[in-house]
Amino acid sequence: MVALVLKDLLVQKKVLGLALLYVFIFSFAMHGLGEHLPLAVISGVAYMFVMYSGAWDDKCNADKLWNSLPVPKWKIVAAKYLAVLIYVAAVAALTWILFTVQPLVGIGDALPKVRLDQAAVATGIVLGMSSFYLPLYFALGYMRSRIFNILIFSGSFSAAAVLSRVLTQRPAWAELIGGSGPAVWGLAAACVVVVAGLSFLLSLQLYSRREF
Amino acid sequence: MGVISIDIIITNTGEVPIYQQIVEQIKAAILRGELPPDQPLPSIRLLARELRISVITTKRAYEELEKEGLIYTIPGKGSFVADFDKGALTESKTKLVEEKLQEVLNAAELMGLTRTELRIIFERVLGDGK
Amino acid sequence: MTAILELKDVTKRYTGFALEGVSFSLEPGYIMGFIGPNGAGKTTTIKLIMNLIRLDAGVIKVFGLDSRKHEQEIKQRIGFVYDESHFYENLTIAEMSRLIAPFYRSWDWQVYKKYVDLFGLPERKKLAQFSRGMKMKYALAVALSHGAELLIMDEPTSGLDPLVRSEFLDILREVIQDERRSVLLSSHITSDLDQIADYVTLINGGRIIFSKSKEELWEEYALIKGEKSLLDSGLRPYVVGLKESQFGFEGLVINKEEAQRIAGSRAVFERPNLEEIMLHCIRGKGNGRFGA
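Owing to the predicted nature of the structure, the values given are computational and were not obtained by experimental measurement.

Peer 1: Account for the sheet that holds strand β4 (residues 57-62) of chain C, naming residues and giving values.
Peer 2: In a beta sheet, neighbouring strands are held together by backbone hydrogen bonds and run either parallel or antiparallel to one another. Residue and element names in this part refer to chain C. Pairing is antiparallel in the open sheet, where 4 strands are placed in the order β2-β1-β4-β5. Of all the strands in the sheet, the pair left with one neighbour each is β2 (17-26) and β5 (65-66). The sheet contact formed by strand β1 (residues 5-14) and β4 spans 5 bridges and is antiparallel. Following the sheet pairing, Glu6 is matched in β4 by Lys61. Against the sheet, helix α1 (residues 42-49) contacts β1, β2 and β4, and its axis sits at roughly 115° relative to β1.

Peer 1: Can you lay out the packing of helix α5 (residues 132-144) of chain C against helix α6 (residues 162-175) of chain C for me, pointing to particular residues and giving the numbers?
Peer 2: Residues and elements named next belong to chain C. At their nearest, the axes of α5 and α6 sit 11 Å apart, and the two run at 10° to each other. In this view, α5 runs roughly parallel relative to α6, as classed from their interaxial angle. Of α6, the residues touching α5 (which contributes Gly133, Met136, Lys137, Leu140 and Leu144) are Val164, Glu167, Phe168, Ile171 and Val175. Of the residues in the contact of α5 with α6, the class split is 7 nonpolar, 1 polar and 2 charged.

Peer 1: I'd like a description of the interface of chain A and chain C, backed by residues and values.
Peer 2: Accessible area lost on assembly of the parts is the figure often given for the size of an interface. Contact with chain A, which involves 26 residues of that partner, is made by 26 residues of chain C. Carbon and sulfur atoms make up 62% of the area that chain A and chain C hide from each other, which totals about 2600 Å². On the chain A side of the interface with chain C, the three residues burying the most area are Lys64, Pro70 and Glu211 of chain A, jointly 24% of the side's total. On inspection of chain A and its partner chain C, the count reaches 2 salt bridges. Across the pair Glu211 of chain A and Lys12 of chain C runs a salt bridge whose closest N-O atoms are separated by 3.0 Å. Our enumeration of links across chain A and chain C arrives at 11 residue pairs in polar contact (both at pLDDT 80 or more). Every element with two or more residues in the side of chain A that touches chain C is listed here: α1 (2-11), α5 (55-59), α6 (62-66) and α10 (181-209) of chain A. Of the residues contributing to the side of chain A that touches chain C, the split by class is 15 nonpolar, 4 polar and 7 charged.

Peer 1: Explain a nonpolar patch on the surface to me, using residue names and the numbers behind them.
Peer 2: Residues and elements named next belong to chain B. Residues Leu110, Met111, Leu113, Ile121 and Val125 make up a contiguous nonpolar surface patch of roughly 500 Å² in combined accessible area. Counting only elements with at least two residues in the nonpolar patch, the list comes to α4 (86-111) and α5 (115-129). Of note, Leu110 is situated in helix α4. The exposed category is assigned to Leu110, whose relative accessible area is 69%.

Peer 1: Give a detailed account of the environment of Arg68 of chain C, specifying residues and quantitative values.
Peer 2: By the element assignment, Arg68 of chain C lies in the loop between β5 and α2 (71-76). Apart from the residues within four sequence positions on either side, Arg68 of chain C is in contact with Asn51, Leu55 and Gly58 of chain C.

Peer 1: Help me get a handle on the interface of chain B and chain C, residues and values and all.
Peer 2: Chain B puts 20 residues into the contact, and the matching count from chain C is 19 residues. Summed over both partners, the interface of chain B with chain C comes to about 1600 Å²; 40% of that surface belongs to carbon and sulfur atoms. By the criterion of area lost to chain C, the three top residues of chain B are Arg45, Arg49 and Arg52 of chain B, representing 42% of everything that side buries. Viewed at the interface, chain C and chain B are joined by 5 salt bridges. A salt bridge links Glu219 of chain C to Arg60 of chain B; the shortest N-O distance between them is 3.3 Å. Linking chain B with chain C are 11 residue pairs in polar contact (both at pLDDT 80 or more), by the criterion used here. Sorting the residues of the side of chain B that touches chain C by element identifies α1 (18-31), α2 (44-51) and α3 (55-67) of chain B as the ones contributing at least two each. A total of 5 residues in the side of chain B that touches chain C trace back to one element, the largest contributor, which is α3 of chain B.

Peer 1: Just give me the short version of the sheet that holds strand β12 (residues 239-245) of chain C, but keep the residues and values in it.
Peer 2: All names here are of chain C. Spatial strand order, β12-β13-β11-β14: 4 strands in an open sheet with antiparallel pairing. Single-partner strands in this sheet number two, and they are β12 and β14 (267-270). Each adjacent strand pair in this sheet contributes to an overall mean axis angle of 15°, direction not counted. Where β12 meets strand β13 (residues 248-253), 5 bridges bridge the pair, whose relative direction is antiparallel. Each residue of the ladder has a partner; that of Val239, found in β13, is Val253. Against the sheet, helix α9 (residues 256-263) makes contact with β11 (222-226), β13 and β14, and its axis sits at roughly 160° relative to β14, the strand it touches most.

Peer 1: Hey, could you go over the packing of aromatic side chains for me, with residue numbers and the actual values?
Peer 2: Aromatic ring pairs are defined here through the distance separating the ring centres and the angle between the ring planes. Taken as a whole and assessed by the stated rule, the structure comprises 20 aromatic pairs over all chains. Aromatic pair Trp66 of chain A and Phe103 of chain C: ring centres 5.8 Å apart, planes at 75°, arrangement edge-to-face. On the criterion of chain membership, the pair formed by Trp66 of chain A in helix α6 and Phe103 of chain C in the loop between α3 (93-100) and α4 (109-119) is interchain, its members lying in two chains. Each member of the pair, Trp66 of chain A as well as Phe103 of chain C, is classed as buried. Considering the side-chain rings of Tyr137 of chain A and Phe138 of chain A, the 5.1 Å spacing of their centres and the 65° angle between planes classify their relative orientation as edge-to-face.

Peer 1: Please give an account of the packing of helix α3 (residues 19-29) of chain A against helix α4 (residues 37-52) of chain A that cites residues and values.
Peer 2: All names here are of chain A. Closest axis-to-axis distance for the α3/α4 pair is 9 Å, and the angle between their directions is 135°. Put simply, α3 runs oblique to α4. Between α3 and α4 the crossing geometry is right-handed. Contact with α3, carried on its side by Ala19, Tyr22, Val23, Phe26 and Ser27, involves Leu37, Val41, Gly44, Val45, Met48 and Phe49 of α4 and no other residues of that element.

Peer 1: Before we move on, can you summarise the pairing of β13 of chain C with the specific residues and values?
Peer 2: All names here are of chain C. With 5 of its 6 residues buried, β13 lies for the most part within the structure. The pairing of β11 with β13 spans 5 bridges and is classified as antiparallel. The partner of Ala222 across the bridge, within β13, is Val253. Where β12 folds back on β13, the antiparallel hairpin that results is connected by 2 residues.

Peer 1: Which residues make up the pattern of salt bridges, and what values do they have?
Peer 2: Residues and elements named next belong to chain C. Taken as a whole and judged by the stated rule, the model has 34 salt bridges over all chains. Of the charged contacts, one joins Glu73 and Arg105 as a salt bridge, the two residues approaching to 3.5 Å between their closest N and O atoms. Here the residue Glu73 occupies a position in helix α2, and Arg105 occupies one in the loop between α3 and α4, the gap between them amounting to 32 residues. Taking the shortest distance from any N to any O, the salt bridge between Lys137 and Glu167 comes out at 3.2 Å.

Peer 1: Can you lay out the domain arrangement of chain B for me, pointing to particular residues and giving the numbers?
Peer 2: Parsing chain B into structural domains produces domain 1 (18-81) and domain 2 (86-126). A straight line from the C-alpha centre of domain 1 of chain B to that of domain 2 of chain B covers 27 Å.

Peer 1: Give a detailed account of the nonpolar core, specifying residues and quantitative values.
Peer 2: The biggest cluster of nonpolar side chains holds 139 residues, and the ones touching the most others in it are Trp66 of chain A together with Leu5, Met96 and Tyr138 of chain C. Considering each element in turn, this core owes the most residues, 12 residues, to helix α7 (residues 73-105) of chain A. Among residues more than four places away in sequence, those in contact with Leu5 of chain C are Phe24, Ser25, Leu26, Ile49, Ile60, Lys61, Val62 and Leu184 of chain C. One finds Leu35, Tyr62, Leu65 and Ile71 of chain B within the second-largest nonpolar core, a separate group that totals 20 residues.

About the cut-offs
Throughout this description, residue numbers start from 1 for each chain and increase along the sequence as written. Both sets of labels track the order of writing: A upward for chains, 1 upward for ligands. In keeping with the model being predicted, local features are shown solely for residues with a pLDDT of at least 70 and side-chain atom pairs are shown and tallied solely at 80 or more, while totals for entire chains, interfaces and linings include all residues. No hydrogens and no water enter the side-chain calculation; it runs on all heavy atoms of the structure. A pair of strands is labelled paired if DSSP reports no fewer than 2 bridges between them. Numbered from the N terminus, helices here are DSSP runs of H or I no shorter than four residues, and strands are runs of E no shorter than two. Residues count as neighbours in contact if any of their non-hydrogen atoms are within 4.5 Å of one another. Interaxial angle, 0 to 180 degrees, is taken between N-to-C directions of lines fitted to C-alpha atoms, where a helix line uses only the stretch in contact. In this scheme, roughly parallel covers angles under 35 degrees and roughly antiparallel covers those over 145, while 65 to 115 is roughly perpendicular and the rest are oblique. Three classes are used: nonpolar for Ala, Val, Leu, Ile, Met, Phe, Trp, Tyr, Cys and Pro, charged for Asp, Glu, Lys and Arg, and polar for all others, with Gly counted as polar. Put simply, buried area is how much 1.4 Å-probe accessible surface two parts lose in total, over both of them, once they are put together. The salt bridge definition used is simple: a Lys or Arg side-chain nitrogen within 4 Å of an Asp or Glu carboxyl oxygen. Throughout this description, a polar contact denotes any pair of N or O atoms lying within 3.5 Å of each other; where both atoms belong to protein, one of them has to be capable of donating a hydrogen while the other can accept it, and for residues adjacent in sequence the pair is counted only when both atoms sit in side chains. Residues enter patches when they are more than 30% accessible in relative terms and free of salt bridges; like-charged ones are connected within 9 Å and nonpolar ones (Val, Leu, Ile, Met, Phe, Trp, Tyr) within 5 Å. Only the protein chains shown count as cover for residues, and the accessible areas themselves come from Shrake-Rupley with a 1.4 Å probe. In this scheme, a residue with accessible area under 20% of its type's maximum is buried, one over 50% is exposed, and one in between is partly exposed, where area comes from a 1.4 Å probe on protein chains only. Aromatic contacts are taken between Phe, Tyr and Trp rings whose centres are within 6.5 Å, Trp giving its six-membered ring; a plane angle under 30 degrees counts as stacked, one over 60 as edge-to-face, and the others as tilted. By convention, the crossing between two helices is left-handed when the near helix turns anticlockwise from the far helix through less than a right angle, and right-handed when the turn is clockwise. What marks off one domain from the next here is an automatic or database domain assignment. Side-chain atoms within 4.5 Å link the members of a nonpolar core, which is a set of buried Ala, Val, Leu, Ile, Met, Phe, Trp, Tyr and Cys residues.

Below, the structure is given as structure tokens:
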């Protein structure tokens, strides 16, 4: 299965090489977000890679190849989910490097520090969005699932906006989230894992029903 | 002991089935004494590859030859020229010529030639042979 | 002897086209040519064998195992070459092979290297820059590098020039010297199969017309040309793909012995090649009977 994850990375190697550039562009475009900038940048760039990883598969009709090789479908599907984590980790590392180097080089305004908890939240966000995107990708293929990305993006941002509004209106909830550290993190992580797990099962079902 | 090399030339046109052509050519080589007893013959697959034909055809040819007692096959080892007595060999040779002559006779009858006309033609051909 | 490939009553329905009751089998050690006009169902049949699409009815057994229940085990032992390249165009064959190799239990890098050298494939060129013939050779190299017992090829030489096709046949002849291997080769270039096939299966409109050895075909089928009067003295039912002209008729007989008995020397019989057999069988309607 490592080979399958490697496949996604190898196939995108040109794009990944430009990851640093993408981080830079995203940072520039969203720099009004202040302290939340790293979160947005990591989420945005990583999710972009999640989306594009299917492009080459579609273009070369590689599904026919992988389904003719002795590769069980669950491995094909699982590899895409695993790759999500790898993208986030890679982009987080790059963002940290960029944001750390930038003040030394002295271009532009000061950038906020990249914190570990931000990377963790980004993982959750990207995994969450992917959990909506990947079943569509496995059911429809890259070309036809792209349309839904607009919905997923706007859906995610709306959800985030609604969430922050709810929290400001219900200080008790905000306290719950702001305080009691590990318990809340644990709960949030569990939620993400459950959602991702359900998404995986759905993806597997949909992919198994496809004909190549 | 190496595999003996013989010439087998088959033609795709014409009425004689390919397996039959192989049978006749190997048979002729054996009867001429070019293939001594116990000499290994090429495997059916090798022959098929070299002649660019199906292995089923070469298999059939070898089965025919085995039926006529000219070769024998050891499973896993291959096919070999059979060792049969000279008497039978001469008998086979004569039998072959007889068969051929019978074919000529049939063809002549079909064309409406009488026996006398046939004899004249035969004598002429024999004369040319000298 | 267990057949290496067996299809029984295989059925697959689409709107406008269906495979119905497809049955045939292949014994180990032989090459089967799978012929038929475009759209006859050759690719659909192969996709069903490879489990790329689902059966509506029927059973497919490969190596004696059910194709659905033992899919992974079967695929370990199958090498495949399709008419289009499904490899990543932006990778080199070295990278592509490194992705594929881990999935085959019996992958052998030495065998792979032998074929890459034999075919003269450049290891560091991107696949996008490969010619069609070279892409096919790469697919073949991969198919032969993991001890596959069954090779499944769907129109591997379509669109290739005669030289490459001839090379391909030579390679196949070499491959089949090992009698544990078998090949299912679908092609509409019947002249290639005239040379190399041991068995021939003809499919048309989603149905199998016949599945016989070449020897059987040559024994039973023949091109016939003769006087028109022959047709009415009992010969007509035996002729398929009949064509009558001012000067006589021609067609294909599927029971040569009977036809020769009836026609005697009033008709000319010729050994047909696969293209002629295919044309007459497909063209013919109502004349001549086909046994099961």
